[in-house]
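Overview (structure and organization)
Letter by letter, the chains look like this.
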Amino acid sequence: MDMSVDQTVESTTDNSPLPVRRVPGDMAMWCFILAELTAFALMFILFSWLRSTDRELFLAGQQLLHPEAGLINTLALLSASGFVAQGVIANRASKQLQASRWMLAGLAVAMIYVVVKCWEYYQLGSAGYGLNGNRFFTAYFLLTGFHFLHVLLGMSIIGYVTRRLRQQVYGPDNRVGLESVACYWHMVDLLWIVLFPLVYVIR
């Protein structure tokens, strides 16, 4: 499905411009996103298979988690994605300073996720549950930890493009890099939307 308008060409009989549509971002980023989605899909399948082999162990492990914290993180990532999207829109309108502020807002709410997730890890570690605890916690820490690293990477590159926005590097005619970062962040958000119910909710 077409997602954005890049430029116009004259190809109609009345000489009116006809928009040429393109997928936002860079093709290399989309290849990377596809690879990451594939890796996470395999991890989700493995987690589901492990749960099917020992439902009682996984149910007991789930009861030690904090679904409220998972819900807070969901709202934080969704909000961050909304702010990042607004930043992309502002950049297309040649409002780079406004775009940078939207990006900073996205970073601020994404930090909520980082703080809450670190708190979750601390609570489980203090209770004696770690990566080598049992199959549930091994799967939990590997899956959520891998996603956590993606969040940190996403925040780093959002910070980078925010600085470049303030330097007036991006604009309506130079937005591929910014859109690529936004696409990556939306992927991180999408993965959590699947991960949260899979790990915290589904019994």
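This is a predicted model, so every value here is computed, not measured. (Residues numbered from 1 in each chain as written. Predicted model: local features only at pLDDT ≥ 70, side-chain atom pairs only at ≥ 80, totals over all residues. Heavy atoms only, no water.)

1. Regarding the nonpolar core
Which entries qualify depends on this criterion: What is meant by a nonpolar core is a set of buried Ala, Val, Leu, Ile, Met, Phe, Trp, Tyr and Cys residues, joined one to another through side-chain atoms within 4.5 Å. To sort residues, take the accessible area from a 1.4 Å probe on protein chains only and compare it with the maximum for the residue type: under 20% means buried, over 50% means exposed, and anything in between is partly exposed. Secondary structure elements are taken from DSSP: a helix is a run of H or I of four residues or more, a strand is a run of E of two residues or more, and numbering for both begins at the N terminus. Whether two residues are in contact is decided by their heavy atoms: any pair within 4.5 Å suffices.
Of all hydrophobic cores here, the largest spans 51 residues; its most connected members are F47, L65, Y113, Y140, W185 and V199. For this core, the secondary structure elements donating two or more residues are α1 (27-53), α3 (67-92), α4 (96-126), α5 (135-166) and α6 (176-201). Of the residues forming this core, the biggest block, 15 residues, is contributed by α6. Residues contacting Y140, with those up to four places away along its chain left out, are F47, L65, K117, E120, Y121, L124, G145, V199 and Y200.

2. Description of the packing of aromatic side chains
For the record, the criterion: Note on aromatic pairs: the rings of Phe, Tyr and Trp (six-membered ring only in Trp) are paired at centre separations within 6.5 Å, and the planes decide the class, stacked below 30 degrees, edge-to-face beyond 60, tilted for the rest.
What the rule picks out here adds up to 21 aromatic pairs. Ring centres of Y129 and F137 lie 4.8 Å apart, and the angle between their planes is 25°; this geometry places the pair in the stacked category. Overall, the relative accessible area of 29% leaves Y129 in the partly exposed class. F137 sits in the buried class, given a relative accessible area of 1%. Between F137 and F141 the ring centres are 6.4 Å apart and the planes differ by 35°, which places this aromatic pair in the tilted class. Here the residue F137 and the residue F141 both occupy positions in helix α5, the gap between them amounting to four residues, near one helical turn.

3. Observations concerning the packing of α5 against α6
Put simply, the rule is: Convention adopted: a line fitted to C-alpha atoms gives each axis, helices being fitted over their contacting stretch, and angles between N-to-C directions are expressed from 0 to 180 degrees. Note on angle classes: values under 35 degrees are labelled roughly parallel, values over 145 roughly antiparallel, values of 65 to 115 roughly perpendicular, and the remainder oblique. Two helices crossing with the near one rotated counterclockwise from the far one by less than a right angle form a left-handed crossing, whereas a clockwise rotation gives a right-handed crossing. Side-chain classes are defined by residue name, with Ala, Val, Leu, Ile, Met, Phe, Trp, Tyr, Cys and Pro counting as nonpolar, Asp, Glu, Lys and Arg as charged, and the others, Gly among them, as polar.
The N-to-C vectors of α5 and α6 enclose an angle of 155°; their axes lie 10 Å apart at closest approach. It follows from the interaxial angle that α5 and α6 lie roughly antiparallel. Crossing angle aside, the handedness with which α5 passes α6 is left-handed. For the contact of α5 with α6, the residue count by class is 20 nonpolar, four polar and no charged.

4. Some words on unusual backbone geometry
Look at S94: it is not a glycine, yet its phi comes out positive at around 65°. In this structure, Q168 takes a positive phi of about 65° despite not being glycine.

5. Things to note about the pattern of salt bridges
What counts here: Whenever Lys or Arg places a side-chain nitrogen within 4 Å of a carboxyl oxygen from Asp or Glu, that contact is recorded as a salt bridge.
For the coordinates displayed, the defined rule picks out four salt bridges. Across the pair R135 and D54 runs a salt bridge, and its minimum N-O distance is 4.0 Å. Pair noted here: R135 is in helix α5 and D54 is in the loop between α1 and α2 (55-62), with a separation of 81 residues, a long-range link. Among the charged side chains, a network of salt bridges with common partners joins R92, R175 and E179.

6. Some words on the confidence of the model for the protein
Inclusion rule: As a per-residue quantity, pLDDT reports the predictor's confidence and falls between 0 and 100.
Taken residue by residue, the protein gives an average pLDDT of 89. The fraction at 70 or more is 89%. The low-confidence segment residues 1-13, where pLDDT is below 50, has 33 contacts with residues more than four positions distant or belonging to other chains.

7. Some details on α4
Formally: Between the first and last residue of a helix there are one fewer steps than residues, each counted as 1.5 Å, and that sum is the expected span.
When the terminal C-alpha atoms of α4 are compared, their 45 Å separation across 31 residues agrees well with the 45 Å that a helix rising 1.5 Å per residue should span. Phi for G128, located one or two positions after α4, is positive at around 90°.

8. Considering the packing of α3 against α4
At their nearest, the axes of α3 and α4 sit 8 Å apart, and the two run at 165° to each other. One element, α3, and the other, α4, form an angle in the roughly antiparallel class. For the crossing formed where α3 meets α4, the hand is left-handed. For the contact of α3 with α4, the class distribution of residues is 19 nonpolar, eight polar and two charged.

9. Things to note about a nonpolar patch on the surface
This is how the line gets drawn: What goes into a patch is any residue over 30% in relative accessible area without a salt bridge, connected to like charges within 9 Å or, for nonpolar side chains (Val, Leu, Ile, Met, Phe, Trp, Tyr), within 5 Å. Accessibility throughout is a Shrake-Rupley quantity obtained with a 1.4 Å probe, and a residue counts as covered only by protein chains that appear here.
A cluster of nonpolar side chains, namely L71, L75, L78 and I193, defines an oily patch on the protein surface of about 350 Å² accessible area. Looking at the nonpolar patch, the element that brings in the most residues is α3, giving three residues. Turning to its location among the elements, I193 is positioned in helix α6. On the accessibility criterion, I193 (39% relative accessible area) is partly exposed.

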